[in-house]
Amino acid sequence: MKIRSLSHVGITVSNFEDAVDFYSKTFGFRLISEQTLGKEEVNNLYDLYQLKNAKVRFGFLRAPKGGVVEIFEFFPSVPSEHPVWNKPGPTHFTLDVKNVKKWYNVLKAKGITFLCEPQNTDGTEWVFMKDPDGNLIELIDLKLKYTIIRVIGGLVGYIMSKTKFKKYY
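As a starting point, this report considers the structure included with it.

Rules of the game
- Residues numbered from 1 in each chain as written.
- Predicted model: local features only at pLDDT ≥ 70, side-chain atom pairs only at ≥ 80, totals over all residues.
- Heavy atoms only, no water.
- Helix = DSSP H or I, 4+ residues; strand = E, 2+ residues; numbered from the N terminus.
- Buried < 20%, exposed > 50% of the residue type's maximum accessible area, 1.4 Å probe, protein only.
- Polar contact = N/O pair within 3.5 Å; in protein donor to acceptor, adjacent residues only side chain to side chain.
- Lys, Arg positive; Asp, Glu negative; His and termini not counted.
- Salt bridge = Lys/Arg side-chain N within 4 Å of Asp/Glu carboxyl O.
- Contact = heavy atoms within 4.5 Å.
- Core = buried A, V, L, I, M, F, W, Y, C linked by side-chain atoms within 4.5 Å.
- Pairing = 2+ DSSP bridges.
- Axes fitted to C-alpha atoms, helices over the stretch in contact; angles between N-to-C directions.
- Patch = residues over 30% accessible without salt bridge, like charges linked within 9 Å, V, L, I, M, F, W, Y side chains within 5 Å.
- Areas by Shrake-Rupley, 256 points an atom, 1.4 Å probe, with all protein chains shown as cover.

## Quick word on the side chain of Asp141
Part 1 of the reasoning: By secondary structure assignment, the location of Asp141 is in strand β8 (residues 136-141).
Part 2 of the reasoning: In this structure Asp141 comes out as buried when scored by relative accessible area, which is 10%.
Part 3 of the reasoning: There is a polar contact of 3.0 Å between the side chain of Asp141 and the backbone nitrogen of Asn99.

Here's what the structure looks like:
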């Protein structure tokens, strides 16, 4: 069995409409579906959500070239906390862009919160920002690595699994 691709990333937001507005205006995402689960449905999913007598509204936002972010709004909601990086679990999601410094300058001028200035690691430019709920978003420009990862990544992964990273397979 093989997976086809990474499907989507899910984040919790405090206000569904505000999140749709932010991701649409900032990155060009479009809402492609929306659904609400009532209290009984959420109660039946206690092992997943760890909530009783709550409702959840969720939807899928599609990026211009196909990536998807699923947003969740819970009723009642709990205040968000900063992700903890040194324990297992999600920390952020990343958007592939060109010219990180330009994105940084334009979005910073609009009042977007950044955690650092644009960085360069091994020829890759990146920067971290927050959405209105504090969810961390990395903007990355892979430069030449984009072609390697997107076009010939499968072949490179196969070769590396037989050579340098053989110990993992």
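What follows picks up the thread again.
## Here's the deal with the side chain of Asp131
Part 1 of the reasoning: Tracing the sequence through the fold places Asp131 in the loop between β7 (124-130) and β8.
Part 2 of the reasoning: Notably, Asp131 is buried but unbridged: the nearest opposite-charge side chain belongs to Lys130, and the N-O separation is 8.7 Å.
Part 3 of the reasoning: A polar side-chain atom of Asp131 sits 2.9 Å from the main-chain amide nitrogen of Asn135.
Part 4 of the reasoning: Those residues in contact with Asp131, other than ones at most four positions away along the chain, are Ile11, Phe22, Tyr23 and Ile137.

## A look at the nonpolar core
Part 1 of the reasoning: The biggest cluster of nonpolar side chains holds 25 residues, and the ones touching the most others in it are Tyr23, Phe27, Phe29, Ile71, Met129, Ile137 and Leu139.
Part 2 of the reasoning: Among residues more than four places away in sequence, those in contact with Ile137 are Phe22, Tyr23, Phe27, Phe93, Leu95, Val127, Phe128, Met129 and Asp131.
Part 3 of the reasoning: Of all hydrophobic cores here, the second largest spans 8 residues; its members include Val42, Tyr49, Phe58 and Phe72.

## A word on the sheet that holds β8
Part 1 of the reasoning: Here we have 4 strands laid out as an open sheet, ordered β5-β8-β7-β6, and mixed in their pairing. Both edges of this open sheet fall to β5 (93-96) and β6 (119-121), since each of them pairs with a single strand only. The mean angle between the axes of side-by-side strands here comes to 30°, regardless of whether they run parallel or antiparallel.
Part 2 of the reasoning: Alignment of β5 against β8, held across 4 bridges, turns out to be parallel. When the sheet's bridge partners are listed, Phe93 is paired in β8 with Ile137.
Part 3 of the reasoning: Along the sheet face, helix α1 (residues 16-27) touches β5, β7 and β8 and points at about 15° away from the line of β8.
Part 4 of the reasoning: Along the sheet, helix α4 (residues 100-109) makes contact with β7 and β8, crossing β7 at roughly 20°.

## As for a nonpolar patch on the surface
Part 1 of the reasoning: Nonpolar side chains collect at one region of the surface, where Ile148, Ile149, Val151, Ile152, Leu155, Val156, Tyr158 and Ile159 lie side by side and expose about 730 Å² of accessible area between them.
Part 2 of the reasoning: The set of elements that each furnish at least two residues to the nonpolar patch consists of α5 (145-150) and α6 (153-162).
Part 3 of the reasoning: In terms of residue count, the dominant contributor to the nonpolar patch is α6 (4 residues).
Part 4 of the reasoning: Tracing the backbone through its elements, the reader meets Ile152 in the loop between α5 and α6.
Part 5 of the reasoning: Here Ile152 falls in the partly exposed class, since its relative accessible area comes to 40%.

## Some points on the pattern of salt bridges
Part 1 of the reasoning: Taken as a whole and assessed by the stated rule, the structure comprises 6 salt bridges.
Part 2 of the reasoning: Salt-bridge contacts for Asp21 lead to Lys25; the nearest nitrogen and oxygen are separated by 3.1 Å. Here the residue Asp21 and the residue Lys25 both occupy positions in helix α1, the gap between them amounting to 4 residues, near one helical turn.
Part 3 of the reasoning: Judged by relative accessible area, which is 63%, Lys25 ranks as exposed.
Part 4 of the reasoning: One salt bridge in this structure joins Arg57 and Glu34, with 2.7 Å as the shortest N-O distance.

Treat this as a map of the structure, not an account of what it does.
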